Amino acid sequence: TVQNVCPFLYLSSFCDKFRKGVIDGTACSSLCEKNTLYLGKCLSAKPSNQVYSGNWGDMEGIIKCHMEDVPHYDPEAELEPRREAASFNRPTKGTSVEKFREMVLSHLKAKVGDQTNVQDLAALVLGAADANRDGQISLAEARSAWALLQLNEFLLAVVLQDREHTPRLLGFCGDLYVVEKVPYAPLYGVSLPWAIELWIPAGLRRSLDQWAAPSWPHKAKIAIGLLELVEDVFHGTFGSFLMCDVRAARFGYTERHDLKVVDARRIIPEAAFQEVMRERRCEVDGDCVYGADCHTSCDLTKHRCTTEVTRPNLAKACGALKDYLLWGVPSDVKEELEKQLYACIALRGATEQMEMEHSLILNNLKTLLWKRISHTKDSK
């Protein structure tokens, strides 16, 4: 079964590569020699992207491992070239550390754009690659780092490592990596067995989801976290990232009701997205989509997709939060919150004026929510 592929076949070949010196990483010894990194319950049924709960010593974590390419053409795979990553054949034997640094730098420029501080991002990646902290990068460490660098989620973890809304990267081995567990996920909604999910009426489903949600002040604090994440990825330290799937399943929260990203595979560098869209052929606007939420339009004169998304991250985040925040909202804030959320959802395009409006709406929403909960113990 799919569930057995990663723990048995995949991990045995992984550990074989580790023992032969092909790959290395902070989690390899625990996984393959000490047996202190355990894979538990399977959380994903996709063969190409397997997710497991697990334990690493006394730490609870989430273990993610990536398989070979899916056999059919998948336009969304264009941003994550799996075949090269899974083979662990780059960099080649004899590659100097300086040459590897150039490889990393060139790759990052293609992903996030040729920014003035891309050298700093390369330094963060090379720091993460030095698994045993000896100040050197071995060929095996470099191969693992290169494989990981193909993954949007790993790149985002490096970019936002000092921010609070992405789970900490605990360790890696090849392109298997371990992140801290997010205690409560999805962001909202009750997880039901698929057989029940098929038959439950939509109205009852919404009622169940709202019934299981935290108190309104706690929801407001979680919502502020999502708005802060939008700030972090919009014109951040290392360029802009697009949130291409803002469904509840992609997010969770902690005991303190701080938002955390659970699945960042669809938070992608804008520069890489634009490069892929520029080359994509189209007949209708519907051909110009990545993930669930990143849409551009089709230029019918060239039959190519345009590169600018039609809806900014903030509009998508507000769309995801609308029902969540308006259910059970205190009456004294309901009208103003509703007005601000709908203004936010209506944001379009990527003009300079939109960016000013974007900042204004985001700050107004955060201020409104904080003002309403700051005097309560729920804001702590």
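These figures come from a predicted structure and were not determined experimentally.

**Focus on unusual backbone geometry**
1) Next: Note that the residue after arginine 90, namely proline 91, is joined by a cis bond; omega there is -5°.
2) Next: Here proline 91 is to be found in the loop between helix H3 (82-87) and helix H4 (97-112).
3) Next: Despite not being glycine, asparagine 35 shows a phi value in the positive range, around 55°.
4) Next: Residue position: asparagine 35 is located in the loop between helix H2 (28-32) and strand E1 (37-42).

**Regarding the packing of aromatic side chains**
One pair of aromatic rings is described through two measures. These are the centre distance and the angle between the planes.
1) Next: Under the counting rule described, the total for this entry stands at 2 aromatic pairs.
2) Next: Judged by centre distance (6.0 Å) and plane angle (85°), the rings of phenylalanine 14 and phenylalanine 88 are edge-to-face. Note that phenylalanine 14 is positioned in helix H1 (residues 2-19) and phenylalanine 88 in the loop between H3 and H4, a separation of 74 residues in sequence.
3) Next: Taking the centre distance of 5.2 Å and the plane angle of 20° together, the rings of tyrosine 184 and tyrosine 253 count as stacked.

**Concerning the side chain of threonine 166**
1) Next: Its place among the elements puts threonine 166 in the loop between helix H7 (152-159) and strand E4 (169-173).
2) Next: Among the polar contacts listed, one links the side chain of threonine 166 to the backbone oxygen of leucine 160, at a separation of 3.2 Å.
3) Next: Threonine 166 has contacts with Leu156, Leu160, Glu180, Lys260 and Val261, leaving out every residue within four places of it along the chain.

**Let's talk about the pattern of salt bridges**
Should their charged atoms come close, side chains of opposite charge can pair.
1) Next: Throughout the structure, instances matching the rule amount to 18 salt bridges.
2) Next: Across the salt bridge formed by lysine 20 and aspartate 16, the nearest N and O atoms sit 3.1 Å from each other.
3) Next: Here lysine 20 falls in the exposed class, since its relative accessible area comes to 61%.
4) Next: Relative accessible area serves as the criterion here: at 34%, aspartate 16 is assigned to the partly exposed category.
5) Next: Residue lysine 181 pairs with glutamate 60 through a salt bridge whose shortest N-O separation is 3.4 Å. Here the residue lysine 181 occupies a position in the loop between strand E5 (176-180) and helix H8 (194-199), and glutamate 60 occupies one in strand E3 (residues 59-66), the gap between them amounting to 121 residues.
6) Next: The network of salt bridges with shared partners includes Asp245, Arg247, Arg250, Asp263 and Arg265.

About the criteria used
Residues numbered from 1 in each chain as written. Predicted model: local features only at pLDDT ≥ 70, side-chain atom pairs only at ≥ 80, totals over all residues. Heavy atoms only, no water. Helix = DSSP H or I, 4+ residues; strand = E, 2+ residues; numbered from the N terminus. Phe/Tyr/Trp six-rings, centres within 6.5 Å; stacked < 30°, edge-to-face > 60°. Polar contact = N/O pair within 3.5 Å; in protein donor to acceptor, adjacent residues only side chain to side chain. Contact = heavy atoms within 4.5 Å. Salt bridge = Lys/Arg side-chain N within 4 Å of Asp/Glu carboxyl O. Buried < 20%, exposed > 50% of the residue type's maximum accessible area, 1.4 Å probe, protein only.

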